[in-house]
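The primary structure of each chain is shown beneath.
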Amino acid sequence: MRILISRPLPGGAADFLRRCGYQVTVLPDDRPQEQFQRELAQADGVICLLSDPMGAAVLAEAARLRAIATYAVGYNNIDIAACTRAGLPVTNTPDVLTDATADVAMILILMTMRRVPDAMRYLADGRFTGWKPDLLLGRDLRGKNLGIVGMGRIGQAVARRAEAFGMKIFYHTRSGPKPDLPWPHLSFDALLAEADVISIHVPLTDATRHLFGPAQLRRMKPGAVLINTARGPVVDEAALVEALASGHLAGAGLDVFEEEPKVHPGLWQHPNAVLLPHIGSGTLETRSEMGMMAARSLHEALSGRRAPFTVNPEVYDTPAWRQRLGSGA
Ligand code: DGY
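Note that the structure is predicted; figures quoted are calculated from it, not measured.

Engineer: How do you make sense of helix α2 (residues 33-40) when you look at a structure like this?
Structural biologist: Within an α-helix, residues lying three or four positions from one another point in the same direction, as the helix has 3.6 residues per turn. For α2, the full list of buried residues reads Q35, F36 and L40. The buried residues of α2 occupy an angular sector of 135° when projected down its axis, which confines them to one face. Facing away from the buried surface of α2 by more than 90 degrees, the exposed residues are E34 and R38. Here the buried face of α2 lies against β1 (2-5), β3 (45-48) and α3 (56-60).

Take a look at the structure:
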């Protein structure tokens, strides 16, 4: 069977799949998207990336495909309903990237609260003439309110880290309070009004697209900071630029953008915007383990078993799934 890997992955995923007996094609980093789609037509299994659109039209061209492993925890790039209808299990890579992503959220909180981008530019521009008591004053984390929106694994890991820095934690989830968590649950509006820092940890869905639009940003506390390590389109980037430019928000820490890889030019103008190129899970250990998880899950699914971390487990045992497994050359 043939497996397509969308781009080179750190670690041993491709070798593992070759040892399992698959013919593995790893596309180069600089390949055009059309090449991925062409190769997909020949593949029995694929490890795709969050940047590969996997909508119904792409899937329609992939007649041989029997399973999809996405190299990410988020799967908003994949039409899951279309996959289920087509009998395709889709797996993702949760848990393993929780700590790495929470670390980046913490980096962004620290950098925005302590005005690190402004301070680095100040030094680089040759404006530092000596120590001064009021030079580039930031704000303490201790005693500040951190509002976490979306309290899954990553949100909780951020809460634990921030608590160690003395922050007061509260959270909002659409599903309501989680009884096993020690932190208070607030309504979304109360969280917007109370938080000095808001950190976003929701998946991108129709319900969360532009969850932070002009009205919600206006309801945030004056001088607050917005952190996003989840998905760019959860925040209306143009509205965020406005909120920063007007001085209503004191900073933003973003690892994700509305139209990656583009960054709204207005964000670069703000002295206290920390902008990172979607590196939340980007450690060698985490990215290697994500590759192994994807490879193992794909192997299970292609062997006709229920793969771990399947996001559409209802696909198993459907006629469409059985037909997919039975087909292919
Ligand atoms: C994910 O997994 O969804 C991250 O955005 C990339 O690791």
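Still to come is the rest of the account.
Engineer: How should the nonpolar core be read in this particular structure?
Structural biologist: Where a protein is soluble and globular, its nonpolar side chains tend to be buried together. Grouped together as the largest cluster of nonpolar side chains are 52 residues, with contacts concentrated most on L17, I47, I109 and L146. Taken together, domain 1 (2-95 + 283-327) and domain 2 (98-275) each give at least three residues to this core, which thus spans both. Discounting chain neighbours no more than four positions away, the residues touching L146 are I109, V158, A162, M167, K168, I169, F170, V197 and S199. Counting residues in hydrophobic clusters, the runner-up holds 32 residues, among them L211, M220, A224 and A273.

Engineer: Sorry if this is basic, but what is going on with the domain arrangement of the chain here?
Structural biologist: Interfaces are frequently sized by the accessible area removed from exposure as the parts join. Split into domains, the chain comes out as domain 1 (2-95 + 283-327) and domain 2 (98-275). A straight line from the C-alpha centre of domain 1 to that of domain 2 covers 33 Å. Between domain 1 and domain 2, the residue contacts involve nine residues of the former and five residues of the latter. Where domain 1 abuts domain 2, roughly 590 Å² becomes buried across the two surfaces, and 47% of that area is made up of carbon and sulfur atoms. The three residues of domain 1 that bury the most area against domain 2 are L50, N76 and D95, which together make up 67% of that side's buried surface. Put simply, domain 1 and domain 2 have one salt bridge between them. Where D95 meets R153, a salt bridge forms, and the shortest distance between an N and an O atom there is 3.3 Å. Taken together, the links from domain 1 to domain 2 amount to three residue pairs in polar contact (both at pLDDT 80 or more). Grouping the amino acids of the side of domain 1 that touches domain 2 by side-chain chemistry returns four nonpolar, four polar and one charged.

Cut-off values and rules
- Residues numbered from 1 in each chain as written.
- Predicted model: local features only at pLDDT ≥ 70, side-chain atom pairs only at ≥ 80, totals over all residues.
- Heavy atoms only, no water.
- Buried < 20%, exposed > 50% of the residue type's maximum accessible area, 1.4 Å probe, protein only.
- Helix = DSSP H or I, 4+ residues; strand = E, 2+ residues; numbered from the N terminus.
- Arc of directions from axis to C-beta.
- Contact = heavy atoms within 4.5 Å.
- Core = buried A, V, L, I, M, F, W, Y, C linked by side-chain atoms within 4.5 Å.
- Domains from an automatic or database assignment.
- Buried area = accessible area lost by both parts, 1.4 Å probe.
- Salt bridge = Lys/Arg side-chain N within 4 Å of Asp/Glu carboxyl O.
- Polar contact = N/O pair within 3.5 Å; in protein donor to acceptor, adjacent residues only side chain to side chain.
- Nonpolar A, V, L, I, M, F, W, Y, C, P; charged D, E, K, R; others polar.

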